[in-house]
Amino acid sequence: MRRTRSELEKPKKFILSDRVEPWRDWAILVVIVHGILLSTALRSPQWGWLLLIAVPLGFALSTAVLTIEHDAGHRRFSKKLWPNILATQTAAPVGLWVVHWTKKHQVHHKLTQVYPLDDATRASGMIRLHPCAPYWRVHRFQHYYAWLLYGLAWAGELRSQLNYVRDGELAGLTPPPRSQRLRSFLLEKLICGLILLPYAILLGPLKLTILLVASMTVASMFAAVVLSVGHISEGLTPGDVAPHGRQEWELNLVRTSASFNTGSHMLHWVTGGLTHHLAHHLRAGASREDLKRVHENGVVDAASRAGLEQLEYPTLTSAVIGHRNQLRTLGRPDAVVGPDAGPDRTAVQG
């Protein structure tokens, strides 16, 4: 049964399954991540094996980041902050800072792909992610080398954390005092350190550090690709003006958000529901089951009101190709902003 716009926009009443889903995901990922860490620490393998183990651990951590940290940022584990922090630090003990990421993600949802307000539009100078970003000659080749730099997204996130501790700058948000930011930063790092301490004792600090760095590189590459194809793909047209009001906000979302492989249950889980990316932006914090309903109803209505067709790639592979093509376009100095930029906007059916 098709739901009306008013029904989709009504605040959803809390039901137990809204909490069960994220905690169930947390339990599964905690078992996988710590199972790999514990078995590795007990065996203490040689360096070559350690790097091989980093691959499955990296994919597990990327799922934890896309699922657990994302849900924590939307307070799906609890309205209180501390359960969301504990869920993230236990499922993905790699130095995340939930408080900072939550605030940054709030800006992303409000000002999606608006340069330079959305941090995602200026994450790296080496990769030009928006037509308004500064152009360097090396950007001509970014559709070749960007994939390797995505593996360093964890380092970029750490830099973003340190910048926030120092200056507290996030578009449209009044920062808390620096002392409060520093306490929050150190507290979450301490929790992460305590969780990793037994593995450091069993495996040794150096081996654990190498394992985590290699794993985070794998995790960053996969997570960055999933997040990038949702907003930086051929057919999407980002702008540089903050939307005002519901209508402009919806229009901006349809112009800047793409979904992919919405029929895959596995990818839907592994990506934390981000296969339905536009639906997630229209109903942030919705369960994965609800995202499917929003995709079937709310996305169609929002695209119709915007006078555009929704952009949906049939597979992750086709979405990655669309992202590569957009990187190539952005690698040209004449890349422009606006609804007339790039190819004609048509839905990709599959």
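All figures in this text were calculated on a predicted structure; none of them were measured in a lab.

## Here's the deal with unusual backbone geometry
The linkage connecting Tyr115 with the following residue, Pro116, adopts the cis geometry, with an omega of -5°. Along the polypeptide, Pro116 turns up in the loop between helix H5 (98–110) and helix H6 (142–150). Positive phi, close to 45°, is recorded for Ser44, a residue that is not glycine. Structurally, Ser44 is set in the loop between helix H2 (16–43) and helix H3 (47–73).

## Thoughts on the environment of Asn84
Along the chain, the position of Asn84 falls in helix H4 (residues 81–91). C-alpha of Asn84 to C-alpha of Ser62: the two residues are 22 residues apart in sequence and 17 Å apart in space. Residues within four places of Asn84 in sequence aside, it is in contact with Asp71, Ala72, Arg75, Arg76, Phe77, Ser78 and Val98. A polar atom in the side chain of Asn84 sits 2.8 Å from the backbone oxygen of Ser78.

## Considering the packing of helix H10 (residues 245–256) against helix H14 (residues 298–306)
For the pair H10 and H14, interaxial distance at closest approach is 9 Å and the crossing angle is 105°. As far as their axial angle goes, H14 and H10 are roughly perpendicular. For the pair H10 and H14, contact is made by Glu250, Leu251 and Val254 and by Ala302, Ala303, Arg305 and Ala306, respectively. Split by residue class, the contact of H10 with H14 holds five nonpolar, no polar and two charged.

## Quick look at the confidence of the model for the chain
On average, residues of the chain score 89 in pLDDT, and 91% of them are at 70 or above. The model gives residues 1–12 a pLDDT under 50, and that stretch makes 25 contacts with residues more than four places away or in other chains. In the model, residues 337–350 has pLDDT below 50 throughout and makes 33 contacts with residues more than four positions away in sequence or in other chains.

## Considering the packing of aromatic side chains
Following the criterion strictly, the structure yields six aromatic pairs and no others. Between Trp23 and Phe77, the ring centres sit 4.9 Å apart and the planes meet at 75°, which makes this aromatic pair edge-to-face. Of the two residues, Trp23 sits in helix H2 while Phe77 sits in the loop between H3 and H4, which places them 54 residues apart along the sequence. For Arg181, the ring lying beneath its charged end belongs to Tyr164, and the centroid distance is 5.7 Å. Lying over the aromatic face of Trp47, Lys207 brings its terminal NZ or CZ to 5.7 Å of the ring centre.

## Looking at H10
An ideal rise of 1.5 Å per residue puts 16 Å on 12 residues; H10 measures up with 17 Å between its terminal C-alpha atoms. Looking only at H10, the buried set comprises Trp249, Glu250, Asn252, Leu253, Val254 and Thr256.

## Regarding the environment of Ala60
The residue Ala60 is located in helix H3 in this model. Accessibility expressed as a relative area gives 7% for Ala60, which makes it buried. Once the C-alpha coordinates of Ala60 and Ala302 are considered, the two residues, 242 residues apart in sequence, prove to be 34 Å apart. Every residue in contact with Ala60, bar those within four places of it in the chain, is listed here: Leu29, Ile32 and Val33.

What counts as what
Residues numbered from 1 in each chain as written. Predicted model: local features only at pLDDT ≥ 70, side-chain atom pairs only at ≥ 80, totals over all residues. Heavy atoms only, no water. Helix = DSSP H or I, 4+ residues; strand = E, 2+ residues; numbered from the N terminus. Contact = heavy atoms within 4.5 Å. Polar contact = N/O pair within 3.5 Å; in protein donor to acceptor, adjacent residues only side chain to side chain. Axes fitted to C-alpha atoms, helices over the stretch in contact; angles between N-to-C directions. Parallel < 35°, antiparallel > 145°, perpendicular 65-115°, else oblique. Nonpolar A, V, L, I, M, F, W, Y, C, P; charged D, E, K, R; others polar. pLDDT = per-residue confidence, 0-100. Phe/Tyr/Trp six-rings, centres within 6.5 Å; stacked < 30°, edge-to-face > 60°. Lys NZ or Arg CZ within 6 Å of the ring centre and 35° of its normal. Expected span 1.5 Å × (residues − 1). Buried < 20%, exposed > 50% of the residue type's maximum accessible area, 1.4 Å probe, protein only.

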